[in-house]
Amino acid sequence: MTATADTASLTPPDQPEAPELRHRIMAGFIGNVVEWYDFALYGYLAGVIAPVFFPSNDPTAGLIATYGIFAAGFLMRPLGAAMFGWFGDRYGRARTMQISVAMMALPTLLLGVLPTYDTAGILAPILLVLVRLLQGLSVGGEFSSSATYLVETAPQNKRGLTGSWANIGSMTGSLLGVGAAALVTNIFDADTLAAWAWRLPFLGGALLGTTAILMRRNLHMSERFRLHHEGREDTSPLLEAFTTNRHETLLALVFAASYGTCFYIAFVYLPEWLSSQGLMDRGPALAINTAMTVLVIPAMPLFAIVGDRWLPRRIWIGLALFVLGLSAWPLYEWMELSNGSLTSVIAVHAFTFALLSVPLGSGPALFAEIFPERDRLSGYSVAFNIGVGVFGGLTPMIATSLIAATGAALAPAFYMAAAGGLATIALALTPDRSRSPLR
């Protein structure tokens with residue numbers, strides 16, 4: 001393979017020029033905006049879209065929906081992680097990012113123009129599921145590819161700050177998706193929304209995806225990866241992640257699963273818990289949750305700087321998750337005893353979101369520093385997508401099941417405490433390389 005994307009004169013990998021660094025950051029940022037815009041949009045409008053493609057009077061369509069949703073979330077994402085991780089370790093992060101963003105933009109456009117069940121019959125839900133499967137595949141490679149690229153091409157003393165832009169993009173995309181869905185929901189009446197207006201945010205997302213494709217079109221391969229590629233042995237990076245570096249992969253997987261569990265309890269399940277326990281209506285709970293998400297965006301880079309300059313990254317993240325696990329039960333009990341008072345709900349959101357801003361900001365750099373160059377993206381992708389995507393994604397269902405099985409309303413708090421403790425143990429066993437050159 002030739003480094004056709006390289007420029008004739010590259011600055012050293014740890015000293016990129018300011019314009020080039022900004023371009024890299026924005027290229028990594030925009031792909032995650034597209035990814036999470038579509039994720040949030042589809043989730044918010046699922047109630048509107050489902051009857052259009054999966055009418056209740058057709059059991060076959062319902063079966064397609066059930067298994068299609070499962071496959072998109074829990075099969076395609078790990079498969080995409082393995083596929084893109086292997087490709088990125090063999091042929092470069094930049095090329096992987098170009099492919100993954102195109103594979104996200106196209107399905108978003110297709111979602112906006114798909115025929116409905118009334119128009120195409122059973123073909124409509126089949127096409128929708130196929131589109132979601134393609135998106136799930138691309139999601140498995142997007143975040144870890146962009147985060148790895150950002151960290152590898154960042155100055156050594158700014159790896160945490162630069163890597164945090166991957167999650168800044170994720171949060172920004174989520175907010176844009178929720179905002180776009182809320183906009184069409186409030187502008188159009190229910191009949192118009194169901195007839196055609198739901199398509200507008202997806203078509204808008206396709207424009208966003210096109211912008212991301214253009215930004216990544218001339219994305220340079222890093223000099224670090226070019227030098228590595230020229231001297232690499234003809235081995236399978238995916239195989240190495242599970243053999244030579246299985247210790248690193250296991251630690252990263254345990255950390256990702258534990259941190260993903262904490263994330264999903266706070267960012268996804270908490271409003272549902274407040275509503276199901278009769279402590280607060282779902283609307284206000286979601287509004288508080290969304291408002292606090294806005295505050296997380298500036299907190300992530302600020303807390304990432306702490307890991308770059310003052311506290312070793314592993315210790316900084318471990319402290320945050322240890323405190324989160326230790327305080328989970330008292331915080332949830334406070335909300336229950338206060339009958340869901342506005343003060344307690346806002347304070348708990350602010351506290352937990354602030355603590356989670358630490359791994360959100362510094363986590364991408366930590367993951368990239370765990371693995372050596374030859375299988376970094378494979379190890380990162382598999383550990384992150386299985387840990388956060390699968391184990392984290394199951395968290396709302398597990399938390400609900402724990403309440404049903406034990407009868408304890410505070411069961412999710414104990415689940416978060418266990419996850420925070422497990423994450424701390426995994427980090428204690430992980431070498432800290434935040435002050436060392438990437439391997």
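Small disclaimer: the values here were computed from a predicted structure and weren't measured. (Residues numbered from 1 in each chain as written. Predicted model: local features only at pLDDT ≥ 70, side-chain atom pairs only at ≥ 80, totals over all residues. Heavy atoms only, no water.)

1. Description of the overall build of the protein chain
At step 1: From N to C terminus, the protein chain includes 19 helices and zero strands.
At step 2: On C-alpha atoms alone, the protein chain measures out to a radius of gyration of 21 Å, which is about the 22 Å that the 2.2 N^0.38 rule sets for 439 residues.
At step 3: Taking the principal axes of its C-alpha atoms as reference, the protein chain extends roughly 60 × 50 × 40 Å.
At step 4: Per-residue burial over the protein chain gives 55% buried out of 439 residues.
At step 5: Restricting the contact set of the protein chain to residue pairs at least 6 apart, pairs at least 24 apart contribute 86%. (Helix = DSSP H or I, 4+ residues; strand = E, 2+ residues; numbered from the N terminus. Rg over C-alpha atoms; globule rule 2.2 N^0.38 Å. Buried < 20%, exposed > 50% of the residue type's maximum accessible area, 1.4 Å probe, protein only. Contact = heavy atoms within 4.5 Å.)

2. Some thoughts on the pattern of salt bridges
At step 1: If you walk through the whole model with that rule in mind, you get 14 salt bridges.
At step 2: Note that Glu142 is salt-bridged to Arg216, the shortest N-O span being 2.7 Å. One end of the pair, Glu142, is in helix H7 (residues 123-152); the other, Arg216, is in helix H10 (residues 199-216), with 74 residues separating them in the sequence.
At step 3: Residue classification places Glu142 among the buried residues on the basis of a relative accessible area of 0%. (Salt bridge = Lys/Arg side-chain N within 4 Å of Asp/Glu carboxyl O.)

3. Re empty space enclosed by the protein
At step 1: With the rule as written, the count across this model stands at two cavities of 30 Å³ or more.
At step 2: Phe143, Asn167, Tyr259, Pro359, Gly363, Pro364, Phe367, Tyr380 and Phe384 are the residues that line the second largest cavity.
At step 3: Taken together, the residues of the lining of the second largest cavity break down into seven nonpolar, two polar and no charged. (1 Å grid on protein atoms, 1.4 Å probe; cavity = no way out; pocket = protein on both sides within 12 Å on 5 of 7 lines; lining within 4 Å. Points joined across faces, edges and corners; volume = space filled by probe spheres on them. Nonpolar A, V, L, I, M, F, W, Y, C, P; charged D, E, K, R; others polar.)

4. Looking at the nonpolar core
At step 1: If you look at the biggest cluster of nonpolar residues, it comprises 72 residues, and the most contacted ones within it are Phe255, Phe267, Trp273, Leu274, Leu321 and Tyr332.
At step 2: The dominant element in this core, judged by the number of residues it contributes, is helix H13 (residues 246-276), at 14 residues.
At step 3: What Phe255 contacts, discounting residues up to four positions off in sequence, is Ile317, Leu321, Leu366, Phe367, Ala423, Ala426 and Leu427.
At step 4: Counting 29 residues, the second largest nonpolar core, distinct from the first, contains Leu41, Phe54, Leu111 and Ala181. (Core = buried A, V, L, I, M, F, W, Y, C linked by side-chain atoms within 4.5 Å.)

5. Describing the environment of Asp89
At step 1: With respect to the helices, strands and loops of the structure, Asp89 is situated in helix H4 (residues 76-91).
At step 2: Of note is the side chain of Asp89, whose polar atom sits 2.7 Å from the side chain of Arg93. (Polar contact = N/O pair within 3.5 Å; in protein donor to acceptor, adjacent residues only side chain to side chain.)

6. Regarding the packing of aromatic side chains
At step 1: Evaluation of the coordinates by the stated rule reveals 18 aromatic pairs.
At step 2: Both rings, one in Phe53 and one in Trp198, keep their centres 5.8 Å apart while their planes meet at 80 degrees; by these two values the pair is edge-to-face. In this pair, Phe53 is assigned in helix H2 (residues 46-53) and Trp198 in the loop between helix H9 (190-197) and H10, connecting sequence segments 145 residues apart.
At step 3: On the accessibility criterion, Phe53 (0% relative accessible area) is buried.
At step 4: We classify Trp198 as buried; its relative accessible area is 0%.
At step 5: Between Phe267 and Phe353, the aromatic rings sit 4.0 Å apart at their centres with planes inclined by 15 degrees, giving stacked as the arrangement. In this pair, Phe267 sits in helix H13 while Phe353 sits in helix H16 (residues 342-370), placing the two residues 86 residues apart along the sequence.
At step 6: Note on Phe267: relative accessible area 9%, which makes it buried.
At step 7: Three or more aromatic residues joined by ring pairs form one cluster here, namely Phe143, Phe255, Tyr259, Phe367, Tyr380 and Phe384. (Phe/Tyr/Trp six-rings, centres within 6.5 Å; stacked < 30°, edge-to-face > 60°.)

7. Here's the deal with unusual backbone geometry
At step 1: Non-glycine residue Asn339 carries a positive phi angle of around 55 degrees.
At step 2: Mapped onto the secondary structure, Asn339 falls in the loop between helix H15 (313-337) and H16.
At step 3: By relative accessible area, which is 54% here, Asn339 ends up exposed.

8. Section: the packing of H13 against helix H18 (residues 395-406)
At step 1: It is at 9 Å that the axes of H13 and H18 come closest, and there the two elements cross at 60 degrees. By the criterion of interaxial angle, the relationship of H13 to H18 is oblique. For the pair H13 and H18, the sense of crossing is right-handed. Only Thr395, Pro396, Ala399, Thr400 and Ile403 of H18 make contact with H13, whose side of the interface consists of Thr261, Tyr264, Ile265, Val268, Tyr269 and Trp273.
At step 2: Taken together, the residues that form the contact of H13 with H18 break down as eight nonpolar, three polar and no charged. (Axes fitted to C-alpha atoms, helices over the stretch in contact; angles between N-to-C directions. Parallel < 35°, antiparallel > 145°, perpendicular 65-115°, else oblique. Left-handed = near helix turned anticlockwise from the far one by under 90°.)

9. Examining a nonpolar patch on the surface
At step 1: There is a patch of nonpolar side chains on the surface, built from Leu106, Leu109, Leu110, Val113, Trp196, Leu200 and Leu203 and spanning about 570 Å² of accessible area.
At step 2: Of all the secondary-structure elements, those providing two or more residues to the nonpolar patch are helix H5 (93-113) and H10.
At step 3: No other element matches the four residues that H5 contributes to the nonpolar patch. (Patch = residues over 30% accessible without salt bridge, like charges linked within 9 Å, V, L, I, M, F, W, Y side chains within 5 Å. Areas by Shrake-Rupley, 256 points an atom, 1.4 Å probe, with all protein chains shown as cover.)

10. Digging into the packing of helix H8 (residues 159-187) against H16
At step 1: Relative to each other, H8 and H16 sit at 120 degrees, their axes nearing to 7 Å. It follows from the interaxial angle that H8 and H16 lie oblique. You can see that H8 and H16 cross each other, and the crossing is right-handed. Listed contacts from H16 to Arg159, Gly160, Gly163, Ser164, Asn167 and Met171 of H8 are Leu360, Gly361, Pro364, Ala365 and Glu369.
At step 2: For the contact of H8 with H16, the per-class residue count stands at four nonpolar, five polar and two charged.

11. Brief notes about the environment of Leu200
At step 1: Mapped onto the secondary structure, Leu200 falls in helix H10.
At step 2: Along the primary structure Leu200 and Val184 are separated by 16 residues, whereas in three dimensions their C-alpha atoms are 7.9 Å apart.

12. Structural notes on H18
At step 1: Over its 12 residues, H18 extends 16 Å from the first C-alpha to the last, a length consistent with the 16 Å expected when each residue adds 1.5 Å.
At step 2: The inward-facing, buried residues of H18 contact H13, helix H17 (376-392) and helix H19 (411-428). (Expected span 1.5 Å × (residues − 1).)

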